[in-house]
Amino acid sequence: MGFWDALLGRSKPVRPDLDQLFALPSAAITLQAATGFTPTGAGSVCFAAIEGGAFARIRQEVGALLEADADRGGAPVEFSRDAYGYSWLLSRRPPDDLPSLVGDLHAVNTSLEESGFGPHLLCSLVAFHDAEARRLALVYLYKRGGFYPFAPLPGDRRDNALELQVRAVLQEDLRIEQDPSRWFPLWGAPGL
């Protein structure tokens, strides 16, 4: 950071660290022990869609890379676009194979980043549920370099108490986004 940046109150954004995703399997154990939430086997990557041949080629390569995994068991990789125009890639694995799901998400993010589309990556999420059928996602914000919990309720509401509980439980396991105003709702996110 330069002198003018410091003087004008500007700060450098946190650099994304995709390896933070690999902390999810151990965090999931902590989460299950403390709250009863377990992985569903679904995870998504959200990115701003770009029109053009290069992006279409990368999208095809990423899909082919994940679908070529023999251990996947034929579970397809799904691409979709939400009401806001963002693209989503949904990967499914057996619920007890969170490390492979995290590997999928890391591979997608890395492929897009290395192809020059890093600025278009928004977030990755892994879905969880408990015995009462409550839903929870651990969301990695690419541009902030940290995670936050998102607990949707019916009617586009959030379970804020659960989100704060999960933050407290996982603060030693994951780099948690400290500004709750950055905990964006992901209504209708694929896999959640």
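No experiment lies behind these values; they were computed from the predicted model shown.

Q: Any chance you could explain the environment of Leu-164 here in plain terms?
A: Tracing the backbone through its elements, the reader meets Leu-164 in helix 5 (residues 160-170). As for Leu-164 and Phe-150, which are separated by 14 residues in sequence, their C-alpha atoms are 9.6 Å apart.

Q: What is the right way to look at the sheet that holds strand 5 (residues 135-141) in this model?
A: Remark on secondary structure: sheet strands pair via backbone hydrogen bonds, oriented parallel or antiparallel. In spatial order, the strands read 2-3-1-4-5-6; together these six strands make up an open sheet with antiparallel pairing. With partners counted over all chains shown, the strands left at the sheet margins are strand 2 (78-81) and strand 6 (146-150), one partner each. Within the sheet, the average angular offset between the axes of one strand and its neighbour, ignoring direction, is 25 degrees. Where strand 1 (residues 38-48) lies against strand 3 (residues 86-92), seven bridges are found, and the strand directions are antiparallel. Bridging from a neighbouring strand, Phe-47 pairs with Ser-87 of strand 3.

Q: It is not clear to me how the packing of aromatic side chains should be interpreted in this structure. Could you clarify?
A: The description of an aromatic ring pair uses the distance of the two centres, along with the angle that the planes make with each other. Inspection of every chain in the model, using the stated rule, returns three aromatic pairs. Both rings, one in Tyr-148 and one in Trp-183, keep their centres 6.3 Å apart while their planes meet at 10 degrees; by these two values the pair is stacked. Of this pair, Tyr-148 sits in strand 6 while Trp-183 sits in the segment after helix 5; the two residues are 35 residues apart in sequence, bridging distant segments of the chain. Each member of the pair, Tyr-148 as well as Trp-183, carries the same accessibility label: buried. The interplanar angle of 70 degrees and the centroid separation of 5.3 Å between the aromatic rings of Phe-150 and Trp-187 together place this pair among those described as edge-to-face. Taken together, the residues Phe-150 in strand 6 and Trp-187 in the segment after helix 5 connect sequence positions 37 residues apart. Looking at Phe-150, the relative accessible area reads 0%, which means it is buried.

Procedures and definitions
Residues numbered from 1 in each chain as written. Predicted model: local features only at pLDDT ≥ 70, side-chain atom pairs only at ≥ 80, totals over all residues. Heavy atoms only, no water. Helix = DSSP H or I, 4+ residues; strand = E, 2+ residues; numbered from the N terminus. Pairing = 2+ DSSP bridges. Axes fitted to C-alpha atoms, helices over the stretch in contact; angles between N-to-C directions. Phe/Tyr/Trp six-rings, centres within 6.5 Å; stacked < 30°, edge-to-face > 60°. Buried < 20%, exposed > 50% of the residue type's maximum accessible area, 1.4 Å probe, protein only.

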